[in-house]
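Read off the chains here:
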Amino acid sequence: MSTAAKPGPDAAAHRRTGVVLLPGHDEHDTGDHPENSARIDAVVDSLVSGPDWDSFEVLEARSAEVADIARVHTRAHIDLIHDYSVSGPNWVDGDTLVSPGTFGVTMRASGAAMAAVDAVTGADRPAGRQRPDSLFCLIRPPGHHATADRAMGFCMFNHAAVAARYAQEELGVERVAILDWDVHHGNGTQDIFESDPSVLFVSLHQWPLYPGSGWLDETGAGEGRGLTVNLPMPPGSGNFEYLDAFDRVVGPVLEEFGPGLLIVSAGQDGHIADPLSSQALTVAGFDALALRSALLAHRLGIGLVAVHEGGYNIETLPALDHAVLAGFSGIPTGRFDRLSGPRGSTADRGDPVGWEPRIDQVLKAQKPFWGRVLEG
Ligand SMILES: [Zn+2]
C-alpha cells in the first residue's frame, strides 16, 4: 500500500481553489429532465451565500472554438449537435435532449474547462501572479459519455477530453491524467483515449450500471494498453470502498504515470441519496476523494481541473459540490457532519458488497501494467 497517498490532517492545507461559472447555462433547456438547469443554479446559489465564497478564485467560461471541439469530436458530430440545436428541441438519443440553446451552452462548457486549464497552468496570467492549484467548472450539460462521434447519456461534447487535448496541443503539456469518479462509467472519455499512451484514464464507477462498459478487462488498446484503468465498484459501495480503491490503486497509478495535468470528471451521483445510482458515498466521502486528488496534484506539482459531470439530487448536490471544493482547498470539513455517516458503506449497514474479492480482481487485472506500484 502506498503510504504516500495517505493525507495527513495538515498536509498542504489551504491550497488555492475556485470555480469557473457558466452564465446562461439555462439556455440548454431540458425542462424537468433529471439533468436540468436547477442543479447548477442551486450549487452556485449555495456557494455564493456560503462562508467560503470570498476565498475562491472565480472565473467565467469563454466559448470554445469549433477547432477546439474538433480535436476530440468528428466534424459530423459537431454539425449534428449544431443542426439539432437550430431545429430543436430534438432528442439526440433516448435520454439526451438538445434545445435551441444547447450548442452554444455546451461549447461554452468546454470553453470553461479550457479556461480552467489556462488558469491552473498559469497560461492566462503574467509570471508572478498566483495561479489557483485547482478549479471546479460548474458546468452543464455533462460530457463524459460523449464519444468522438456520438452524443449519449445527457452529454454532447466531452469537456474533459477537450480540455486534455487543449492542454497538450496548445500549452505543451505532454501527459494528462483523467480521473472520473462519476457513478457512471466515462465510456466517452475511454473511447476517445483508449489507444493514446499520453492520456491516462482512471474510472471509479458503479458496475453494473449505465452505460454498461467499464469492466476490468477494458485496459486500453494498441499503444494505450494499460492506460485505461477501470474500477467497477459493486452496488452499495460507499466511502470505505471508494477510498480503499483510491489508496490501493488510483493514487499509486496516477502518481506513477506522472502527468503534467490532472483532470477530474467530478460527478457526485454516487451519493447515497442520488436517484440514479445505488452507491452509498456521503458528503465526507466526496470531500475525501477531492482531498486525496488535490494532495496528489500538489505532490506532483501540477494543476487540477475538475469538470462537473452528474449529480441529480438537487437537495444534496450543493453540499456535495461544496465538499469537493473543501477537499481541493483543505478547508476543514466539520461543517459537513450533518450529512456524513460513519464511513457510509453498505457494509456498515450490515449489507456486504463483496468489496474484498472485487479489489483483488482489480489488482490482478492491473498488475501486468502497474505491478511495480500495486500491492496485495
Ligand atoms: Zn453520472
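Structure: see above.
Criteria and thresholds
Residues numbered from 1 in each chain as written. Predicted model: local features only at pLDDT ≥ 70, side-chain atom pairs only at ≥ 80, totals over all residues. Heavy atoms only, no water. Salt bridge = Lys/Arg side-chain N within 4 Å of Asp/Glu carboxyl O. Helix = DSSP H or I, 4+ residues; strand = E, 2+ residues; numbered from the N terminus. Buried < 20%, exposed > 50% of the residue type's maximum accessible area, 1.4 Å probe, protein only. Donors = N, O, S within 2.8 Å, 3.2 Å for Na, K, Ca; no water. Tetrahedral: all angles 85-135°; square planar, octahedral: opposite > 155°, others 65-115°. Phe/Tyr/Trp six-rings, centres within 6.5 Å; stacked < 30°, edge-to-face > 60°. Lys NZ or Arg CZ within 6 Å of the ring centre and 35° of its normal. Pairing = 2+ DSSP bridges. Right-handed = clockwise from strand over helix to strand, strands pointing away.

Here we come to the pattern of salt bridges. Inspection of every chain in the model, using the stated rule, returns 16 salt bridges. Linking Arg16 and Glu57 is a salt bridge whose minimum nitrogen-to-oxygen distance equals 3.3 Å. Placement of Arg16 in the segment before β1 (18-21) and of Glu57 in strand β2 (residues 57-60) is noted, with a sequence separation of 41 residues between them. On the basis of relative accessible area, Glu57 is assigned to the buried category, the value being 7%. In this structure, Asp124 and Arg125 form a salt bridge, with 2.6 Å as the shortest nitrogen-oxygen distance. The partly exposed category is assigned to Asp124, whose relative accessible area is 34%. Judged by relative accessible area, which is 8%, Arg125 ranks as buried. When salt bridges that share partners are traced, they join Arg16, Glu57, Asp124 and Arg125 into one network.

Turning our attention to the coordination of the zinc ion. Asp182 (OD), Asp182 (OD), His184 (ND1) and Asp269 (OD) make up the full set of protein donors to the zinc ion, lying at 2.0 to 2.7 Å. With four donor atoms in place around the zinc ion and angles of 53 to 154 degrees between them, the coordination shape is irregular. Here the donor residues for the zinc ion map to a single chain with the spacing D-x1-H-x84-D. Each member of the pair, Asp182 as well as His184, is classed as buried.

All right, on to the packing of aromatic side chains then. Applying the stated criterion across every chain yields a total of five aromatic pairs. When the ring of Phe136 is compared with that of Phe328, the centres are 6.5 Å apart and the planes differ by 80 degrees; the resulting orientation is edge-to-face. In this pair, Phe136 sits in strand β5 (residues 134-137) while Phe328 sits in helix α9 (residues 317-329), placing the two residues 192 residues apart along the sequence. For the pair formed by Phe136 and Phe328, the shared burial category is buried. Ring geometry for Trp207 and Trp215: centres 4.3 Å apart, planes at 35 degrees, overall tilted. In this structure Trp215 comes out as partly exposed when scored by relative accessible area, which is 24%. In this arrangement the basic side chain of Arg175 is found over the ring face of Phe257, its NZ or CZ atom lying 5.7 Å from the centre.

Right, let's get into the pairing of strand β9 (residues 261-266). A large share of β9 lies buried, amounting to six of its six residues. Judged by which residues are buried, β9 turns out to be covered on both faces: Leu261, Ile263 and Ser265 on one side and Leu262, Val264 and Ala266 on the other are all buried. As defined by bridge partners, strand β6 (residues 176-180) adjoins β9 across five bridges and the pair is classed as parallel. Of the residues in β9, the one forming a bridge with Ile178 is Ile263. Handedness of the crossover joining β9 and strand β10 (residues 303-308) through helix α8 (residues 283-300): right-handed.

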